[in-house]
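Given next are the chains, with one letter for each unit.
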Amino acid sequence: MTVLDKFSLEGKVALVTGGYRGLGRAFAQALAEAGADVVVAARDEARSVEAAAEIAASTGRKTLGLRLDVTSRPEVEAAVARVTGELGRLDVLVNNAGTCVHRPALEVTDEEYDDVITTNLKGVWLPSVVAAAWMAEHGGGNIVNIGSISAQIVNRPQLQPVYNASKAAVHQLTKSLAAEWAPLGIRVNAIAPGYVKTEMAPVDRPEFRRMWIEDAPMQRYSTPEEVAATVVYLASEASSFSTGAVVVTDGGYTLF
Ligand SMILES: NC(=O)c1ccc[n+]([C@@H]2O[C@H](COP(=O)([O-])OP(=O)(O)OC[C@H]3O[C@@H](n4cnc5c(N)ncnc54)[C@H](OP(=O)(O)O)[C@@H]3O)[C@@H](O)[C@H]2O)c1
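What you are looking at is a predicted structure, and each value in this text was computed from that prediction instead of being measured.

K.L.:
Give me the lowdown on the overall build of the chain, citing residues and values where you can.
P.N.:
Along its length, the chain carries 7 helices and 7 strands. Taken from N to C terminus, the helices and strands of the chain fall in the order β-α-β-α-β-α-β-α-β-α-β-α-α-β. On C-alpha atoms alone, the chain measures out to a radius of gyration of 17 Å, which is about the 18 Å that the 2.2 N^0.38 rule sets for 256 residues. Within the chain, the proportion of its 256 residues that are buried is 50%. Sequence-distant contacts in the chain: of pairs separated by 6 or more residues, those separated by 24 or more amount to 74%. Total accessible area computed for the chain in this model is approximately 11,600 Å², and 53% of it derives from carbon and sulfur atoms. Between the centroid of the 23 positive side chains of the chain and the centroid of its 30 negative side chains there is a distance of 3 Å.

Here you go:
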């Protein structure tokens, strides 16, 4: 086996939550390019099905697009049952779905608080525990959580206190589950991206340029594809001795 063979996901099935746009779309594509059959799952069923079909056409892998609200236990259980029924297994879970509200703490509504914490934390918790129950009975698996540099810093100039707290919780949940599930053969790691051009992060807006771009040592934002390579690394045997790790990919942003 060469080192490149260790990145292969051939014979594996990977589920990406929120996988039809932004970072998740690049993750789903990269996992399929690495050889996995891929499931794209989000609340927008039509866009999930469309993205899955595009990935199948460009990679030749089996894919599935389905509706999934990561905050609903019945929907998560139904999704895992459908994936393992139709594709035979579930080896890799990428907890990518997330949301953000930019607003000072004194203006955040209770509904906004609940939405961000529930989507970003329960939306990692539920798919993880449901998938891990299946993985534990079938030889193990691999979970990759999408955290953020916002777990470590307070972003500027936009204020997003609830998002920051939710991502800090994702990093700590990653470590807690990694410690608990190592004996089950399940690795749990996270990625902390810096600014990536997606609908969530309007990196081209002039008011963000100084603090988002010029303050970063590499003086630029990331593409989703740059982060996707790290997902393949963590999802594959290439990272076989890593669990509970948080891999920062931020152009050096958190060095200052
Ligand atoms: N962009 C950045 O700069 C950046 C930096 C660090 C970390 N991140 C993290 O990376 C992840 C992806 O971000 P992105 O920028 O690609 O965001 P995005 O473009 O806004 O995409 C978010 C995805 O999550 C899905 N989603 C939201 N709520 C969901 C729910 N309840 N159930 C299932 N799916 C749900 C959305 O689909 P539906 O609405 O159809 O469900 C969508 O596909 C997030 O966790 C984000 O916090 C992003």
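K.L.:
Break down the nonpolar core for me, citing the residues and quoting the values.
P.N.:
Grouped together as the largest cluster of nonpolar side chains are 32 residues, with contacts concentrated most on Val-39, Leu-66, Val-83, Leu-90, Met-135 and Trp-181. Of all the secondary structure elements, the ones that give two or more residues to this core are strand S1 (13-17), strand S2 (37-42), strand S3 (63-67), helix H3 (73-87), helix H4 (110-137), helix H5 (161-181) and strand S6 (186-193). Here this core takes 8 residues from H4, the largest share from any one element. Ala-14, Tyr-20, Leu-23 and Ala-26 belong to the second largest nonpolar core, which has 31 residues in total.

K.L.:
Residue-level account of the site of the ligand, with values.
P.N.:
Among the 28 residues in the neighbourhood of the ligand, the closest are listed as Tyr-20, Arg-43, Asn-96, Tyr-163 and Thr-198. Here an oxygen atom of the ligand sits 2.8 Å away from a polar atom, N or O, in the main chain of Asn-96. Measuring from an oxygen atom of the ligand, one finds a backbone N or O atom of Val-196 at 2.9 Å. Across the complex, the protein chains shield 94% of the 890 Å² of accessible surface that the ligand would expose by itself. Contributions of two or more residues to the shell around the ligand are made by helix H1 (22-33) and H5. Within the shell around the ligand, the residues separate by chemical class into 13 nonpolar, 9 polar and 6 charged.

K.L.:
Lay out the pattern of salt bridges with the relevant residues and their values.
P.N.:
Should the charged atoms of two oppositely charged side chains come close, the side chains can pair. Inspection of the entire model under this criterion finds 14 salt bridges. A salt bridge links Arg-61 to Asp-37, with the shortest nitrogen-to-oxygen separation between them at 3.4 Å. Here Arg-61, found in the loop between helix H2 (45-59) and S3, pairs with Asp-37, found in strand S2; they are 24 residues apart in sequence, far enough to count as distant. The exposure class assigned to Arg-61 is partly exposed, which follows from its relative accessible area of 24%. The exposure class of Asp-37 is buried, given its relative accessible area of 11%. Put simply, Arg-156 and Asp-215 hold a salt bridge, and the shortest N to O gap is 2.7 Å.

K.L.:
Quick one: what's the story with the packing of H4 against H5, residue by residue and with numbers?
P.N.:
H5 packs onto H4 with a crossing angle of 15° between their chain directions and a minimal axis gap of 9 Å. In terms of their interaxial angle, H4 and H5 are classed as roughly parallel. H4 and H5 meet at a crossing whose hand is right-handed. In this structure, H4 uses Tyr-113, Val-116, Ile-117, Asn-120, Leu-121, Val-124, Trp-125, Ser-128, Val-129 and Ala-132 to contact H5, whose residues at the interface are Val-162, Tyr-163, Ser-166, Lys-167, Ala-169, Val-170, Leu-173, Leu-177 and Trp-181.

K.L.:
Give a detailed account of H4, specifying residues and quantitative values.
P.N.:
Helix length check: H4, at 28 residues, gives a terminal C-alpha distance of 39 Å against a target of 40 Å (1.5 Å per residue), a fit within 8%. For H4, the principal kink sits at Lys-122 and spans about 35°. Phi turns positive, to about 95°, at Gly-139, one or two residues after H4.

K.L.:
Break down the sheet that holds strand S5 (residues 141-146) for me, with residues and values.
P.N.:
Strands sit in the order S3-S2-S1-S4-S5-S6-S7 across an open sheet of 7 strands; the sheet is parallel. In this open sheet, the two strands that pair with only one neighbour each are S3 and strand S7 (246-249). Strand-to-strand twist of the sheet, defined as the mean angle between neighbouring strand axes without regard to direction, takes the value 15°. Direction of pairing for S2 relative to S3: parallel, over a ladder of 5 bridges. Its bridge partner lying in S3, Val-38 is registered against Thr-63. Here H1 sits on the sheet in contact with S1, S2, strand S4 (92-95) and S5, set at roughly 175° to S1. Its contacts with the sheet place H5 against S5, S6 and S7, and it is angled at close to 160° to S6.

The rules behind each value
Residues numbered from 1 in each chain as written. Predicted model: local features only at pLDDT ≥ 70, side-chain atom pairs only at ≥ 80, totals over all residues. Heavy atoms only, no water. Helix = DSSP H or I, 4+ residues; strand = E, 2+ residues; numbered from the N terminus. Rg over C-alpha atoms; globule rule 2.2 N^0.38 Å. Buried < 20%, exposed > 50% of the residue type's maximum accessible area, 1.4 Å probe, protein only. Contact = heavy atoms within 4.5 Å. Areas by Shrake-Rupley, 256 points an atom, 1.4 Å probe, with all protein chains shown as cover. Lys, Arg positive; Asp, Glu negative; His and termini not counted. Charge placed at Lys NZ, Arg CZ, Asp CG, Glu CD. Core = buried A, V, L, I, M, F, W, Y, C linked by side-chain atoms within 4.5 Å. Near = heavy atom within 4 Å. Polar contact = N/O pair within 3.5 Å; in protein donor to acceptor, adjacent residues only side chain to side chain. Nonpolar A, V, L, I, M, F, W, Y, C, P; charged D, E, K, R; others polar. Salt bridge = Lys/Arg side-chain N within 4 Å of Asp/Glu carboxyl O. Axes fitted to C-alpha atoms, helices over the stretch in contact; angles between N-to-C directions. Parallel < 35°, antiparallel > 145°, perpendicular 65-115°, else oblique. Left-handed = near helix turned anticlockwise from the far one by under 90°. Expected span 1.5 Å × (residues − 1). Bend = angle between axes of the 7 residues up to and from the residue. Pairing = 2+ DSSP bridges.

Note that every value here comes from positions in space, so none of it alone points to a role or purpose.
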